Amino acid sequence: MFQDSPIYDRLVAERGDVPEQVRRDAERVSRELEVVMRPLHSPGHLPGAERQASPGAGWQRTALLPGPRPH
């Protein structure tokens, strides 16, 4: 990428090849996301069918209004 660049070569020697590390990490995260985002392939699961969420299941966050908070 930066051929014949002594400044870049010195930075790589001192700090490592940061762009290459970032590229590898981005590729790893992309592969992990592909695995997690795949639809489930278990018996009884129909592709394209949405699961019914039960009321109260999952995490919810309630908003706090600005101003003093009650103790």
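Heads up: the structure comes first, above all this text.
Quick caveat: nothing in here was measured; it's all calculated off a predicted structure. (Residues numbered from 1 in each chain as written. Predicted model: local features only at pLDDT ≥ 70, side-chain atom pairs only at ≥ 80, totals over all residues. Heavy atoms only, no water.)

Moving on: the overall build of the chain. Counting its secondary structure elements, the chain contains two helices and zero strands. Counting across all 71 residues of the chain, residues that qualify as buried make up 3%. With an accessible surface of roughly 7600 Å², the chain has 58% of that area assigned to carbon and sulfur atoms. (Helix = DSSP H or I, 4+ residues; strand = E, 2+ residues; numbered from the N terminus. Buried < 20%, exposed > 50% of the residue type's maximum accessible area, 1.4 Å probe, protein only. Areas by Shrake-Rupley, 256 points an atom, 1.4 Å probe, with all protein chains shown as cover.)

The full count for this structure, using the stated rule, is five salt bridges. Of the charged contacts in the structure, one is a salt bridge between R23 and E20, with a shortest N-O distance of 2.5 Å. In this pair, R23 and E20 both sit in helix α2 (residues 18–37), three residues apart, roughly one turn of the helix. Across the pair D25 and R28 runs a salt bridge whose closest N-O atoms are separated by 3.9 Å. Taken together, the residues D25 and R28, both in helix α2 and three residues apart, mark about one turn of the helix. One salt-bridge network, in which partners are shared between bridges, spans E20, R23 and R24. (Salt bridge = Lys/Arg side-chain N within 4 Å of Asp/Glu carboxyl O.)

Further remarks concern a nonpolar patch on the surface. A surface patch of nonpolar side chains, amounting to about 500 Å² of accessible area, comprises V29, L33, V35, V36 and M37. Within the element layout of this structure, V29 appears in helix α2. (Patch = residues over 30% accessible without salt bridge, like charges linked within 9 Å, V, L, I, M, F, W, Y side chains within 5 Å.)

This brings us to helix α1 (residues 6–15). Taken across its 10 residues, α1 has one buried, putting it largely on the surface. Backbone geometry just after α1 places G16 at a positive phi near 90°.

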